[in-house]
Amino acid sequence: MRSIFSIALIFSTLRLATPLIWASHGGMFSERSGVINIALEGIMLAGAFTAASVTFYAGNPWIGLVAGIAAGVAISSIHAVACIRFNANQVVSGMAINILMIGLPAFLGGSLFASTGSTPQIPKENLIPWTPVFLAFLLVPATWYVLYRTPFGLRLRAVGEKPEAADAAGVSVKLMRYSAVLISGALAGVGGAYLSIGQSSLFTRNMTSGRGFISLAALIFGKWRPVQTMLACLLFGFTEAVSIQLQGVRLPSGEDIPNQFIQIIPYVLTIIVLAGFIGQSRAPRAIGLPYQKER
Amino acid sequence: MKHLSELLFPLIAVIAAFIVGGIFVLIIGDDPILTYQLLIGSALSWPDGIGYTLFYATPLIFTGLAVAVAFRCGLLNIGTEGQLYVAAFAAAWISIKLGGTVVGGVNYSWASLPALALVPIACLVAILMGAFWAAIPGYLKARFGSHEVINTIMMNFIGIALVSYFTQYYYKTPGDPIMETAEIGVAAHIPRLGSFIPGIPTRLPLNVAFLLAILACVLVYIFLWKTKWGYEIRATGANPSAAEYGGIAVRKQIVLAMAVSGGLAGMVGINEVLGYRYRYYEGFSASYGFTGIAVALLGRNHPVGVFLAALLFGMLNRGGIFVDAFTDHVSKDLVEVLQAVVILFVACEAFFRGSFNRFSLLRRSKV
């Protein structure tokens, strides 16, 4: 058992937590402004597919990363318009985007690369395995600073808590929410791009496999606050790292350790926290409510 | 007139989806008209096209009804995917345990019941398991106020992982490379429609579960509009505080609605395990649970609408396979794109209804 807990495990944890940190902090902007972002999963898929495709053609991961960000912003703008302009149910709109992004990459990739949903391998020298990891840990204080120390952050939080009051104080609720949702698209796009051009070297169908939802869970587990959310991401990244390390490891009795029980830890923890057993996790007050100016 | 206006917006949503899908087809260099001809033509041919369309529609009727019942109570059940997985596994488990399953000398079962006893028991177990899995987030919402959307998503992952554990460690036959359970006893099989309705070929997997799905539509209608429980569920969905004030136990309704919703989702297991594969098979659901959201929304959370919407999506699933095989570039993933656009349009409907009202083109219909 000793060999499992090593330096390698720490590095593995950091790398596995990275996409979660990007996506959950993206979700934080959106949700603190009052827009539920269940679409994180789909946005990550958009980022992952676009980054892998563009990196393959351009031969440069930075161009790929920028393209991944652009794709995240583009997809999240659909969510933003549906929720803010058309007052759509935010959960329903998010689910639509998730379904869209299971189908669309495979649909486009099928014709671009003549394969069912995966992009070609990207050579190793064109990957960015570590830079997004460092940047993720800069993102956390940056998010904290923006949300709690700038007028923009104050307005964003106000819009998510009491939109009427913010409106009365002259803040444009819609503008704040649009920018928050687009920021969340950019950040989740980085998280997705890191999956395809950082952690692995190609895009495969539905490669996020629930990481968008885990990011959402981390956001709730971290009570919609930057540092706590980062810690939640590290915890969830750690459980994933352990579950990978334990594959094929056998107990002295000769039985292997069921992976499934380690995989469900983040989900069980989130349910427990949401029920209020480990401190209160309170959502922004105006979350999920479309705002209409009184006439 | 009321019914006509109810149909108008879903129709617009479907047409819009086909237009958007057509644009994507054009982008990747195929002919949209030909693609759609292939898609619809292959799904409406007799008997195979229609038979498979109805077969693919069956799970969607169940999940669509499930989402609709929860919606009527003001709840969004995103967990139908997890509910149908645990229910399908439970159906397979009880059919193995009571169906006399012996594989390679290993006896998996406790008893060997006759079909007349085993089939109803297996159906009931599937329904109860789905109901139980959905009642948990319902209870958490009623007791602690935690949001059912997040909890049902979490329960999806937990359910799928647990079922995968039981399959891998207890019910997989030795040496089987696929993650699936042992085969269920023959007594638990439910017949294909072709075996007793003349004119339908027996090669079609369409089975009795389709008739159960129609029955479920009728029962859901009676439950929601003709019983006290259904009335209380709808009252809770329309306005929880008014319902509470009117003496309805809102918390109880939330748990009840979720349980009914989960039970309906669990019935997918009847179609899949007892009627088609005769075993639990990991990853069998082609996201039926999520398509159920589209079905319920497009069907306006009404059993008749759900039935029609499920037929549409069943048709797309059937036709998608042909499009995949017989066009140069278009893959069956087109179906998911169409689904997503339908959901987006229907989700934005409230706004358009508002603007219709403003110009008094359409009067708002009462629910």
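Everything discussed here concerns the structure shown above.
Please read these numbers as outputs of a predicted model, since none were measured by experiment.

### Comments concerning the overall build of chain A
Logical step 1: Within chain A one finds twelve helices and zero strands.
Logical step 2: Reported as C-alpha extents along the three principal axes, the dimensions of chain A are approximately 70 × 50 × 30 Å.
Logical step 3: The 295 residues of chain A split such that 58% are buried.
Logical step 4: Computing the positive centroid from 20 side-chain charges and the negative centroid from 10, chain A places the two 7 Å apart.

### Section: the overall build of chain B
Logical step 1: For chain B, the count of helices and strands is 15 helices and two strands.
Logical step 2: By the compact-globule yardstick of 21 Å for 367 residues, chain B fits well, its C-alpha radius of gyration being 21 Å.
Logical step 3: By its C-alpha atoms, chain B is 75 × 60 × 40 Å across when sized along the principal axes.
Logical step 4: Counting the 367 residues in chain B, one finds 58% classified as buried.
Logical step 5: Excluding contacts between residues fewer than 6 apart, the proportion of contacts in chain B whose partners are at least 24 apart in sequence is 73%.
Logical step 6: As displayed, chain B offers around 15,300 Å² of accessible surface, 68% of which is attributable to carbon and sulfur atoms.
Logical step 7: Seen as two clouds, the 23 positive and the 18 negative side-chain charges of chain B have centres 15 Å apart.

### Here's the deal with the side chain of Thr-35 of chain B
Logical step 1: By the element assignment, Thr-35 of chain B lies in helix 2 (residues 32-43).
Logical step 2: Here Thr-35 of chain B is in contact with Val-25, Asp-30, Val-323, Thr-327, Val-330 and Leu-334 of chain B, once residues within four sequence places are set aside.

### Side note on helix 12 (residues 265-274) of chain A
Logical step 1: Those residues of helix 12 of chain A that sit buried are Pro-266, Tyr-267, Thr-270, Ile-271, Val-273 and Leu-274 of chain A. On an axial view of helix 12 of chain A, the arc spanned by its buried residues comes to 165°, and they lie on one face.
Logical step 2: Structurally, helix 12 of chain A contributes buried residues whose contacts are with helix 9 (211-221), helix 10 (226-245) and helix 11 (259-263) of chain A together with helix 5 (115-144) and helix 6 (148-171) of chain B.
Logical step 3: A positive phi of about 90° marks Gly-276 of chain A, the residue just after helix 12 of chain A.

### Focus on the packing of aromatic side chains
Residue and element names in this part refer to chain B.
Logical step 1: All chains considered together, the criterion is met by 29 aromatic pairs over all chains.
Logical step 2: Ring centres of Trp-93 and Trp-110 lie 5.7 Å apart, and the angle between their planes is 90°; this geometry places the pair in the edge-to-face category. Highlighted residues: Trp-93 in helix 4 (residues 80-97) and Trp-110 in the loop between strand 2 (106-107) and helix 5, separated in sequence by 17 residues.
Logical step 3: Relative accessible area serves as the criterion here: at 58%, Trp-110 is assigned to the exposed category.
Logical step 4: Their ring planes at 25° and their centres at 5.4 Å tell us that Tyr-221 and Trp-225 sit as a pair that is stacked. Separated by four residues within a single helix, Tyr-221 and Trp-225 lie in helix 7 (residues 208-226), roughly one turn from each other.
Logical step 5: Taking relative accessible area as the criterion, Tyr-221 reaches 33% and is therefore assigned partly exposed.
Logical step 6: A relative accessible area of 22% means that Trp-225 is categorised as partly exposed.
Logical step 7: In this structure, Arg-277 packs its charged tip against the face of Tyr-281, placed 4.3 Å from the ring centre.

### Regarding the interface of chain B and chain A
Logical step 1: Taken together, the contacts link 42 residues of chain B with 41 residues of chain A.
Logical step 2: Of the roughly 3,800 Å² buried between chain B and chain A on both sides combined, carbon and sulfur atoms contribute 81%.
Logical step 3: In this structure, the connection of chain B to chain A is made through two salt bridges.
Logical step 4: With a shortest N-O distance of 3.4 Å, Glu-336 of chain B and Arg-205 of chain A are connected by a salt bridge.

### Details of the packing of helix 4 of chain B against helix 5 of chain B
All names here are of chain B.
Logical step 1: At their nearest, the axes of helix 4 and helix 5 sit 8 Å apart, and the two run at 150° to each other. By the angle between their axes, helix 4 is roughly antiparallel relative to helix 5. Between helix 4 and helix 5 lies a crossing of right-handed hand. Every residue of helix 5 that contacts helix 4 at Gly-82, Gln-83, Val-86, Ala-87, Ala-90, Ala-91, Ile-94 and Ser-95 is listed here: Leu-118, Ile-121, Ala-122, Val-125, Ala-126, Met-129, Gly-130, Trp-133 and Ala-134.

### Comments concerning the side chain of Asn-207 of chain B
Residues and elements named next belong to chain B.
Logical step 1: Inspection of the secondary structure puts Asn-207 in the loop between helix 6 and helix 7.
Logical step 2: Within the local environment of Asn-207, its side chain forms a polar contact with the side chain of Asn-271, the two groups lying 3.2 Å apart.
Logical step 3: Apart from residues no more than four positions distant in its own chain, Asn-207 is found in contact with Phe-55, Ile-190, Pro-191, Arg-192, Leu-193, Asn-271, Gly-275 and Tyr-276.

### Quick notes on the pattern of salt bridges
Logical step 1: As enumerated under the stated definition, the model contains nine salt bridges over all chains in all.
Logical step 2: One salt bridge connects Arg-211 of chain A with Glu-240 of chain A, and the closest N-O pair in it is separated by 2.8 Å. Placement of the pair is Arg-211 of chain A in helix 9 and Glu-240 of chain A in helix 10, with a sequence separation of 29 residues.
Logical step 3: The salt bridge partner of Glu-180 of chain B is Arg-279 of chain B, with a shortest N-O separation of 3.7 Å. Highlighted residues: Glu-180 of chain B in the loop between helix 6 and helix 7 and Arg-279 of chain B in the loop between helix 11 (268-277) and helix 12 (288-298), separated in sequence by 99 residues. Across the pair, Arg-279 of chain B and Glu-180 of chain B agree in class, each one buried.
Logical step 4: Through salt bridges with shared partners, a single network forms among Arg-205 of chain A together with Asp-333 and Glu-336 of chain B.

### Remarks on the environment of Leu-211 of chain B
All names here are of chain B.
Logical step 1: Its location among the elements puts Leu-211 in helix 7.
Logical step 2: Exposure remark for Leu-211: the relative accessible area of 37% places this residue in the partly exposed category.
Logical step 3: As for Leu-211 and Thr-58, which are separated by 153 residues in sequence, their C-alpha atoms are 8.8 Å apart.
Logical step 4: Among all residues touching Leu-211, those that are not within four sequence positions of it are Leu-193 and Phe-196.

### Notes on empty space enclosed by the protein
Residues and elements named next belong to chain A.
Logical step 1: In total, this model carries two cavities of 30 Å³ or more according to the counting rule given.
Logical step 2: Reported here for the second largest cavity is a volume of approximately 60 Å³.
Logical step 3: Lining the second largest cavity are Val-35, Cys-83, Ile-84, Asn-87, Gln-90, Val-173, Lys-174, Arg-177, Leu-289, Pro-290 and Tyr-291.
Logical step 4: Elements supplying a minimum of two residues to the lining of the second largest cavity: helix 3 (61-85) and helix 8 (173-199).
Logical step 5: With three residues, helix 8 is the single largest residue contributor to the lining of the second largest cavity.
Logical step 6: For the lining of the second largest cavity, a count of residues per class yields seven nonpolar, two polar and two charged.

### Description of helix 10 of chain A
Because the α-helix completes a turn every 3.6 residues, residues three or four places apart line up on one side.
All names here are of chain A.
Logical step 1: The terminal C-alpha atoms of helix 10 lie 28 Å apart, and with 20 residues this matches the ideal 28 Å at 1.5 Å per residue to within 8%.
Logical step 2: Those residues of helix 10 that sit buried are Pro-226, Thr-229, Met-230, Ala-232, Cys-233, Phe-236, Gly-237, Thr-239, Glu-240, Ala-241, Val-242 and Ser-243.
Logical step 3: Considering only its buried residues, helix 10 is in contact with helix 1 (7-32), helix 5 (131-149), helix 9, helix 11 and helix 12.

What counts, and at which threshold
Residues numbered from 1 in each chain as written. Chains lettered and ligands numbered in written order. Predicted model: local features only at pLDDT ≥ 70, side-chain atom pairs only at ≥ 80, totals over all residues. Heavy atoms only, no water. Helix = DSSP H or I, 4+ residues; strand = E, 2+ residues; numbered from the N terminus. Buried < 20%, exposed > 50% of the residue type's maximum accessible area, 1.4 Å probe, protein only. Lys, Arg positive; Asp, Glu negative; His and termini not counted. Charge placed at Lys NZ, Arg CZ, Asp CG, Glu CD. Rg over C-alpha atoms; globule rule 2.2 N^0.38 Å. Contact = heavy atoms within 4.5 Å. Areas by Shrake-Rupley, 256 points an atom, 1.4 Å probe, with all protein chains shown as cover. Arc of directions from axis to C-beta. Phe/Tyr/Trp six-rings, centres within 6.5 Å; stacked < 30°, edge-to-face > 60°. Lys NZ or Arg CZ within 6 Å of the ring centre and 35° of its normal. Buried area = accessible area lost by both parts, 1.4 Å probe. Salt bridge = Lys/Arg side-chain N within 4 Å of Asp/Glu carboxyl O. Axes fitted to C-alpha atoms, helices over the stretch in contact; angles between N-to-C directions. Parallel < 35°, antiparallel > 145°, perpendicular 65-115°, else oblique. Left-handed = near helix turned anticlockwise from the far one by under 90°. Polar contact = N/O pair within 3.5 Å; in protein donor to acceptor, adjacent residues only side chain to side chain. 1 Å grid on protein atoms, 1.4 Å probe; cavity = no way out; pocket = protein on both sides within 12 Å on 5 of 7 lines; lining within 4 Å. Points joined across faces, edges and corners; volume = space filled by probe spheres on them. Nonpolar A, V, L, I, M, F, W, Y, C, P; charged D, E, K, R; others polar. Expected span 1.5 Å × (residues − 1).

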